[in-house]
Amino acid sequence: MHTFSTTVTRRALLMLIAAALALLGIVATSGWLADSTRQFSGSVSRMTSLRVAAGTLLSQLQDAEIGQRGYLLTEDRQYLKPYETATTAVDATIARLHDLAGGNTDALRIVDRLAVLAAAKREELAQTIALMEAGRRDEALAVVRTGRGMMLMDDARRSLADLITPADAQLDTQLSTLIGQARASGWVANLGGLFIVLVVGGAVWIAFRYAQDLMRAQSAIQALNDTLEQRVSERTKELQRANDEIQRFAYIVSHDLRAPLVNVMGFTGEFEAGLASVRAHLDRQPADGDAAAASEARRAVAEDMPEAIGFIRASTSKMDRLINAILALSRQGGRTLNPEPVAMRALLESVVASFRHQASEQHCTIDIEGHLPVLVSDRLALEQVFGNLLDNAIKYLDPARTGRIAIRGRVEEDGLVVFDVADNGRGIPPQDHERIFELFRRSGVQDRPGEGIGLAYVRTLIRRLQGEVAVESVPGQGSVFRISLPGSLAQLSETHLHDA
Amino acid sequence: MTHDTQSACIVLIEDDEGHARLIEKNIRRSGATNDIIPFTDGTSALAYLFGPDGSGRASMGRALLILLDLNLPDMTGIDILARLKANPCTKRFPVVVLTTTDDRQEIQRCYDLGANVYITKPVNYESFAAAIRKLELLFSVMQIPEAVA
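Not measured: the values here are computed from a predicted model.

Trainee: Teacher, can you tell me more about helix α3 (residues 77-86) of chain B here?
Mentor: An α-helix turns once every 3.6 residues. As a result, residues three or four positions apart point the same way. Residues and elements named next belong to chain B. Every buried residue of α3 is accounted for by Gly77, Ile80, Leu81 and Leu84. Take α3 and look down its axis: the buried residues cluster within an arc of 100°, on one side only. The inward-facing, buried residues of α3 abut β2 (9-13), α2 (42-50), β4 (64-68), β5 (95-99) and α4 (104-113).

Trainee: Looking at this model, I keep getting lost on the environment of Ala89(A). Mind explaining?
Mentor: Summarising the element assignment, Ala89(A) is placed in helix α2 (residues 80-101). In this structure the C-alpha to C-alpha distance between Ala89(A) and Leu57(A), which are 32 residues apart in sequence, comes to 8.6 Å.

Trainee: Quick question: what am I supposed to make of the pairing of β2(B) here?
Mentor: The two faces of a sheet get side chains in turn, since along a regular strand they alternate between them. Residue and element names in this part refer to chain B. Taken across its 5 residues, β2 has 4 buried, putting it largely inside the fold. Looking at chain direction, β2 and strand β3 (residues 36-39) are connected through 4 bridges and run parallel. Among the inter-strand pairings, Ile10 is bridged to a residue of β3, identified as Ile36. After leaving β2, the chain enters helix α1 (residues 17-29) and then returns to the sheet as β3, a path that is right-handed.

Trainee: Where do I start with unusual backbone geometry in this structure?
Mentor: Negative phi characterises most residues that are not glycine, and trans characterises most peptide bonds. Residue and element names in this part refer to chain A. The phi dihedral of Phe440 falls on the positive side, at around 65°, and the residue is not glycine. Positionally, Phe440 belongs in the loop between β5 (417-423) and α10 (454-464). Classification of Phe440 as exposed rests on a count of 11 C-beta atoms within 10 Å.

Trainee: What exactly am I supposed to notice about the sheet that holds β3(B) here?
Mentor: Adjacent strands of a sheet pair through backbone hydrogen bonds, lying either parallel or antiparallel. Residues and elements named next belong to chain B. Pairing within the open sheet is parallel, and its 5 strands lie in the order β3-β2-β4-β5-β6. Two strands in the sheet have a free side with no partner beyond their single neighbour: β3 and β6 (117-120). Neighbour-to-neighbour, the strand axes of this sheet turn through a mean angle of 20°, independent of strand direction. Contacts from α1 reach β2, β3 and β4, with the element oriented near 170° to β3.

Trainee: Whenever I open this one, the sheet that holds strand β2 (residues 365-370) of chain A confuses me. Can you help?
Mentor: Residue and element names in this part refer to chain A. What the 5 strands build is an open sheet, ordered β2-β4-β5-β7-β6; its pairing is mixed. Of all the strands in the sheet, just β2 and β6 (468-474) have a single pairing partner and so form its edges. In this sheet, neighbouring strand axes are inclined to one another by 15° on average, regardless of whether the strands run parallel or antiparallel. As judged from the 7 bridges shared by strand β4 (residues 404-411) and β5, these two strands associate in the antiparallel manner. Note that in β5 the partner of Ile407 across the bridge is Val421.

Trainee: Any chance you could explain the nonpolar core here in plain terms?
Mentor: Soluble globular proteins tend to bury their nonpolar side chains together. Grouped together as the largest cluster of nonpolar side chains are 40 residues, with contacts concentrated most on Val11(B), Ile13(B), Ile66(B), Leu67(B), Leu68(B), Val95(B) and Val97(B). Counting residues per element, the ones that place at least two in this core are α5 (148-284) of chain A together with β2, α1, α2, β4, α3, β5 and α5 (125-141) of chain B. Sorting elements by how many residues they give to this core places α5(B) first, with 6 residues. Ignoring sequence-local partners within four residues, the contact set of Leu67(B) consists of Ile10(B), Val11(B), Leu12(B), Ile13(B), Ile23(B), Val96(B) and Leu98(B).

Rules used in this analysis
Residues numbered from 1 in each chain as written. Chains lettered and ligands numbered in written order. Predicted model: local features only at pLDDT ≥ 70, side-chain atom pairs only at ≥ 80, totals over all residues. Buried ≥ 20, exposed ≤ 12 C-beta atoms within 10 Å, placed from the backbone. Helix = DSSP H or I, 4+ residues; strand = E, 2+ residues; numbered from the N terminus. Arc of directions from axis to C-beta. Contact = placed C-beta atoms within 7 Å. Pairing = 2+ DSSP bridges. Right-handed = clockwise from strand over helix to strand, strands pointing away. Axes fitted to C-alpha atoms, helices over the stretch in contact; angles between N-to-C directions. Core = buried A, V, L, I, M, F, W, Y, C linked by C-beta atoms within 7 Å.

What is shown is where atoms sit, not what they do.
Okay, here's the thing in structure tokens:
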């Protein structure tokens, strides 16, 4: 799921980057096209100005000629007015043409030629007018008849055409380039747009599919969650049933084992009572006749049979204790725990007080140290746990040194409450650290009474209190029994116990 | 009208014949001469106590003292106790529960159902014998009511 999501993210990102690049391309092409268009429109406006200026120059020269002709025909100075206006304006028009030609050397050359032609024309016109004013009309007409003025005008027309034609051609080229560019730009915009639509559509589709997968996964998780509670409670019930089965089994076994034991003990008692009467009878008999047989019978009655009965009794009472132990453990497993706030200091003080007599007999001290909080737990079970541990600690003190027993409490960071019951007794060899918690198993020299029940009982109780018990010990130095318990006993298993 | 204990019958419902024999021996030893009617299973005991029709009228006019073991092969003694105490013809018979179990809840249940005495069979025979003999002491002072309809 994780790799899938990164792949999806990467793929969608790549597609969006591609779309962005395409968009940039479209923008750049459009910018290029706009630039070309601006250049072209600049060229067009310059061309238009050139045409206008060329037309103006031609019309000014013609105006000047018209004025000259009118004066030559009528000798009326009135007709010289257009001539005078035009000749003064020609210079400005030529200067404008010069400007418009710009950096184009061909065009400048033509403009210079036009300036020369215009100057020559004005000179010819001025000459004829001067002759006319001097009254030499025939000479003036003769100058006109030479055709030089007409020739100059034709030259000027040709030069103006030379100026405009290449500019027109350039304009055409520019226009066709512009059209090409516009077409290319259109293609780029269309293809890019199509590409963007495809890429964005793809990204949207991927995102949509991913969202669908997420939703599907979420609903699957939801379904799992919904059934989880049910499955947990089913498993708990199964475990509870198995546990109950073991409890019942232990109870039945211990009970049914006990019934025959009552008979063994009972009839042994009857046997013993009968034996006593036989012995009394034999004692009253005088020792005569078959002396050997009689003394053998007396020895059997006085020694062998009581010995046999003694062994039967010792074995049955041991068996009875073992059965009682199993019964007690199975009962403990079935007892309903009653969690309540338990002030540990007060509880430990009362447990220690109940051992005061035993402890003073052994000259040992029992200290309670550390942080002892209030637990929410089963008071009776806690009393039994610490009672058993203290009983063991006192029972297995080392007579070679003064006994010191300490109960230390502390609260761990995770909220667990830890109690150490530490002694400086005989200690337990490492190979027995696990074994001592098993039922009927004991460690070390078997010089103290007991059946090996206490620690098995402690472990059962602590597990029911949702805790753990472990031992650290060095033979010859002492032992530390460490109990960790939750600050508050969860009631869950108890409710299931009642449901089952 | 009441019978004195000398004429009362002891109904002994006990599946273990050894136990039954030990109980009987100790009852006799204590000097009681009452008839003892033994049953080794619940079904036959119920048939005797409630009659073939199961109504309990069979016990009308009887004076019975019932020694009851809880662990029977075909039913638990608690069922028998409950039926005895629920039937008007048998509810006044003293019932002594005599069993190997010393479970506190079990004991409480028996008393709740109306058991008169609850005795745990000790494995230690001397204690067992003493308990039975003390029981006889109880018989001697107890007035056994005749079952009335």
